[in-house]
Amino acid sequence: MTDSQAGVSDVEARVLDAIDETALVQHLVDLIRVPSVTGTDAESELQHRHAAELAELGFDVDTWKLDLQELSAHPEFPGMEAERTEGYGVVGVLGGSASPDVAPDGMPALVLQGHVDVVPTGDLDKWVDRDPWSGAIIDGVVHGRGACDMKAGHAANLAVAKALVASGVALERPFAIHSVVSEEDGGLGAFATMLRGHRGEAAVLTEPTSGRLVVANAGALTFELRIPGRAAHGSTRLEGHSAIDAYLPVHETLRALERERNTDADPLFDGTRLPYPISVGRVRAGDWASSVPDLLVAEGRLGVRLDEPPAQARASLESAIARLCAADPWLRDHPVEVSWPGGQFASGRIDGAHPFIDEVAGAIGAVEGRTPARTAAPYGSDLRLYAGLGGIPTLHYGPGDVRFAHAPREQVEVEELIRVTRSLAVLAVRRCGAHR
């Protein structure tokens, strides 16, 4: 037993010794090399690959094609932004059945969940080697789209599964892996998994957490604003009204609303400068350089406060825009149109007194020799679907720093990937009751 395993049992040490760290890192690189942008065929390719890997390990696997029409018609549909023609769900269970109709006494004691989809790459010139799909390893850091969000977490999940099997330990209670699609644009995959009936006694989403336990998420609602103008020739612009000019007070209103909504944030957000951001991510206006634009379309996301109903969050933005329009000379007669397309992430949290939090912290302490901080994240995730719709005590703990997510410098440290995997392995043994 090594010094780093001094706080674990003999059975836990046996599982830790079965973790193939070289294979773990290579698996992450292989995952990055599949360009599984949300809604693409590559996303489905990874799901089928995961299903095959779990089946090869001896997991009972449930793989199903999502019924997109049925899901989108559901009253709790979480929204979707990427164009999609198909999607697949994958659930694997070790030591039990992957049937959604499994009896409560056969429910997995622990679920490790990860999403396979990633966001688009952006400007290729800003990437290492100008290749976001390289999985390049430089000075102990793996680079590439999805490196931390969240293919490192996915690689860790499978490494735990492999170690449990390779160690030869027998599980007293089932262990499950959930692999989902479409997390980045609303959570369709997690939504489908919960509707199919898959559950667990507790779940860890291995999203990047920088060594902390994320026990709550803010929400995020995609909005669209359509600001009208009046077209005219650029040489006679005073005969028109630029939609760009009309948008400027709208943007200031969003900033004021953001300040208002970030007063008295939950203490879990201590250290987070802006728990509930309002961000405009895309603006389109005009169709000719020498014409006054008669329409500006702004798309963005509204942060949802913890425990705030999404309808209340939407109303806060709609009311702020309505007050502006009533007071603005142009917008009074040409009001802004507000709509809510795309992803609709409610907030979510685990009960702060739930013993699962201490169990995860205990496994981290045994392996890493530290007590992790408990915090909330300012972004939406599948947590609210697992905890809300699924009724599963759920938190985040995974490798990586979310500040690198969605960025051309996306990366994850190899050492952190290995450390988190080891902690998750000990958690799995403790939750599932393994013996020789």
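Refer to the structure above for everything that follows.
All values derive from a computational prediction rather than experimental measurement. Every residue gets a number counted from 1 within its own chain, in the order that chain's sequence is written. This being a predicted model, a pLDDT of at least 70 is required before a residue's local features are given, and a value of 80 or more before pairs of side-chain atoms are given or counted; all residues contribute to the totals for chains, interfaces and linings. Where side-chain values are given, they derive from all heavy atoms of the structure, hydrogens and water being excluded.

1. A few points about the layout of surface pockets
Within this model, the largest pocket holds a volume of roughly 1600 Å³. Definitions used for this entry: grid spacing 1 Å over protein atoms alone; cavity, a set of points where a 1.4 Å probe fits but cannot get out; pocket, an open set with protein on both sides within 12 Å along at least 5 of 7 lines; lining residue, one with an atom within 4 Å of a point. Contributing to the lining of the largest pocket are 46 residues, with Glu 184, Ala 220, Arg 301, Tyr 379 and His 406 lying nearest its centre. Contributing elements (two or more residues each) for the lining of the largest pocket: strand E10 (219-228), strand E11 (278-285), strand E12 (295-304) and strand E16 (374-377). Under the DSSP-based scheme used, a helix requires at least four consecutive residues in state H or I and a strand at least two consecutive residues in state E, with every element numbered from the N terminus. Among the elements that line the lining of the largest pocket, the one with the most residues is E11, at 4 residues. Taken together, the residues of the lining of the largest pocket sort by class into 19 nonpolar, 14 polar and 13 charged. Grid points are joined across faces, edges and corners, and a volume is the space filled by probe spheres set on the points. Of the volumes computed, that of the second largest pocket is approximately 230 Å³. Lining the second largest pocket are 15 residues, and of these Glu 76, Pro 78, Pro 310, Gln 344 and Ala 346 sit closest to its centre. Put simply, the parts of the chain that give the lining of the second largest pocket at least two residues each are helix H8 (310-327), strand E14 (344-345) and helix H10 (383-389). Polar here means any residue outside two lists: the nonpolar Ala, Val, Leu, Ile, Met, Phe, Trp, Tyr, Cys and Pro, and the charged Asp, Glu, Lys and Arg; Gly therefore counts as polar.

2. What about the pattern of salt bridges?
Salt bridge, as used here, is a side-chain nitrogen of Lys or Arg placed within 4 Å of a carboxyl oxygen of Asp or Glu. Counting across every chain of the model gives 21 salt bridges. Arg 226 is paired through a salt bridge with Glu 224; the nearest N and O atoms lie 3.9 Å apart. Think of it in three bands: with a 1.4 Å probe and only protein chains considered, a residue is buried below 20% of the maximum accessible area for its type, exposed above 50%, and partly exposed in between. Of the residues examined, Arg 226 reaches a relative accessible area of 30% and is grouped as partly exposed. When its relative accessible area of 16% is taken as the criterion, Glu 224 is described as buried. Through salt bridges with shared partners, one network takes in Arg 173, Glu 201, Glu 359 and Arg 431.

3. Section: the side chain of His 115
Within the secondary structure, His 115 sits in strand E3 (residues 110-115). At 3.3 Å, the side chain of His 115 forms a polar contact with the side chain of Glu 183. Two N or O atoms form a polar contact when they lie within 3.5 Å of each other; inside protein one atom must be a possible hydrogen donor and the other a possible acceptor, and for residues adjacent in sequence the pair counts only when both atoms belong to side chains. Of note is the side chain of His 115, whose polar atom sits 3.3 Å from the side chain of Glu 207.

4. What to know about unusual backbone geometry
A cis amide bond links Asp 149 with the next residue in sequence, Met 150, at an omega value of -15°. By secondary structure assignment, the location of Met 150 is in helix H5 (residues 147-167). The backbone phi angle of Asp 264 is positive, close to 55°, even though this residue is not glycine. Relative to the helices and strands, Asp 264 resides in the loop between helix H7 (243-261) and E11. According to the relative accessible area criterion, Asp 264 is exposed, its value standing at 71%.

5. Looking at the packing of aromatic side chains
Any two of the Phe, Tyr and Trp rings considered here, Trp counted by its six-membered ring, make a pair once their centres fall within 6.5 Å; the pair's planes then place it as stacked at under 30 degrees, edge-to-face at over 60, or tilted in between. According to the stated counting rule, one finds 3 aromatic pairs in the structure shown. On the numbers, 6.2 Å between centres and 70° between planes, the contact of Phe 59 with Phe 175 is edge-to-face. Of this pair, Phe 59 sits in the loop between helix H3 (41-56) and strand E1 (60-65) while Phe 175 sits in strand E7 (residues 175-180), placing them 116 residues apart in sequence. Just as Phe 59 is buried, Phe 175 falls in that class too. Ring plane angle 70° and centroid distance 5.2 Å describe the contact between Phe 269 and Tyr 276, whose orientation is recorded as edge-to-face.

6. Observations regarding the nonpolar core
In this text, buried Ala, Val, Leu, Ile, Met, Phe, Trp, Tyr and Cys residues form a nonpolar core when linked through side-chain atoms within 4.5 Å. Counting 89 residues, the largest nonpolar core has Leu 110, Leu 164, Phe 175, Val 204, Leu 213 and Phe 356 as its most contacted members. In this description, contact between two residues means that some pair of their heavy atoms is separated by no more than 4.5 Å. In contact with Phe 175, other than residues within four places in its own chain, are Phe 59, Gly 92, Val 93, Leu 94, Pro 108, Leu 110, Leu 112, Val 160, Ala 161, Leu 164, Ala 428 and Cys 432.

7. Some words on the sheet that holds strand E4 (residues 137-138)
Spatial ordering of the open sheet is given by E4-E5-E18, a layout of 3 strands whose pairing is antiparallel. This sheet does not close on itself; its edge strands, each paired only once, are E4 and strand E18 (411-413). Against the sheet, helix H11 (residues 414-432) touches strand E5 (141-143) and E18, its axis set at about 65° to E18. Two strands make a pair as long as DSSP finds a minimum of two bridges between them. Fitted lines through C-alpha atoms serve as axes, helices being fitted only where they are in contact, and the angles separating the N-to-C directions of these axes extend from 0 to 180 degrees.

8. Considering the pairing of strand E2 (residues 88-94)
In terms of burial, E2 is largely enclosed, as 7 of its 7 residues are buried. Across the two faces of E2 the burial is the same, with Tyr 88, Val 90, Gly 92 and Leu 94 and Gly 89, Val 91 and Val 93 all buried. Bridge count for E1 against E2 is 6 bridges, and the pairing is antiparallel. Opposite Thr 63, over in E2, you have Val 90 as the bridge partner. Looking at chain direction, E2 and E7 are connected through 5 bridges and run antiparallel.

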